[in-house]
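# A structural walkthrough
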Amino acid sequence: MKIDLFKSYFKQTYKSAVAALFLCSTLAYWDRSFTPFIFFFISLSRDYYHYDARLAYRNKLKAKGLTEEDIYNIEFVKKWEETREKGIWKYCITDGAIILGAYLWLIISLIAISTSIVKFKDLVDDPGNMFSFIGYTYMAGAIIGVIINRFMWTTNQHRFTRLTDPTNDKYQQQLFRD
């Protein structure tokens, strides 16, 4: 029984596993260590461990005539209705500047330090430099986050319209094509 489960799992994930293995090989070559492979095998084993429950979930949805994509679309519509009510600028500020800005701040900081644009020693020597660096990189992340979320607003609006408006011309064309 476990062999059949593993065959099913491998059949569905072999393309992404090969791509991840290639990425891990590249990282291991640059890093000169086997650490990326450890993370690869931990991730692969975690996914396989949860694969049986995911198959049961898919079968339960299939019995109701739904797919995982249907559930994902339903959740998107519910969340986007709430977000639309708040408005575009609140979406751009909260999700873009604050949340996405924080992630981008970390990425920008790591890139700046790892590429020697900013020397870590200079940041540690003077707390003023460190706080300025954090402020500037967070502002850059927040601005980029607002811009990205402004574009995402349009994309999400189109998706919301496509999912909720059955008289939408693009939706009708897709139905006739399938």
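Think of each chain on its own: its residues are numbered from 1, step by step along the sequence as written. Note on the predicted model: pLDDT of at least 70 is required for a residue's local features to be given, and 80 or more for side-chain atom pairs to be given and counted; whole-chain, interface and lining totals, by contrast, use all residues. Side-chain metrics in this entry use all non-hydrogen atoms of the structure; hydrogen atoms and water are not considered.

Side chains of a nonpolar character, in soluble globular proteins, are inclined to be buried together. Core analysis: the biggest nonpolar cluster contains seven residues, these being Phe76, Val77, Trp80, Tyr91, Cys92, Trp153 and Phe160. Elements are defined by DSSP. Helices are runs of H or I of four residues or more, strands are runs of E of two residues or more, and each kind is numbered from the N terminus. Going through the elements one at a time, α3 (68–86), α4 (88–114) and α6 (127–164) are the ones with two or more residues in this core. Per element, the largest residue contribution to this core is three residues, and it comes from α3. Two residues qualify as a contact provided that any one of their heavy atoms is within 4.5 Å of a heavy atom in the partner residue. In contact with Cys92, other than residues within four places in its own chain, are Ala97, Val146, Asn149 and Arg150. Only buried residues count toward a nonpolar core. Its members are Ala, Val, Leu, Ile, Met, Phe, Trp, Tyr and Cys residues joined through side-chain atoms within 4.5 Å. We call a residue buried when its accessible area falls under 20% of the maximum for its residue type, exposed when it is over 50%, and partly exposed in between, using a 1.4 Å probe and counting protein chains only.

Each patch groups residues whose relative accessible area exceeds 30% and which form no salt bridge, using 9 Å between like charges and 5 Å between nonpolar side chains of Val, Leu, Ile, Met, Phe, Trp and Tyr. Reported accessibility uses the Shrake-Rupley method at a 1.4 Å probe radius. Residues are deemed covered only where the shown protein chains occlude them. What counts as a salt bridge is simple: a side-chain nitrogen of Lys or Arg found within 4 Å of a carboxyl oxygen of Asp or Glu. A contiguous nonpolar patch, built from Phe6, Phe10, Tyr14 and Val18 and spanning about 410 Å² of accessible area, is present on the exposed surface. Along the polypeptide, Val18 turns up in helix α1 (residues 2–31).

The subject of this paragraph is the environment of Thr83. Assignment of secondary structure puts Thr83 in helix α3. Apart from the residues lying within four places of it in its own chain, the contact partners of Thr83 are Tyr91 and Trp153.

A separate point is α6. Every helix has an expected span of 1.5 Å times one less than the residues it contains. When the terminal C-alpha atoms of α6 are compared, their 52 Å separation across 38 residues agrees well with the 56 Å that a helix rising 1.5 Å per residue should span. Looking only at α6, the buried set comprises Phe133, Thr137, Gly141, Ala142, Gly145, Asn149, Trp153, Asn156, Arg159 and Phe160. Among the structural elements, α3, α4 and α5 (120–125) are those in contact with the buried residues of α6.

Keep in mind that these numbers describe shape and distance, not what the molecule does.
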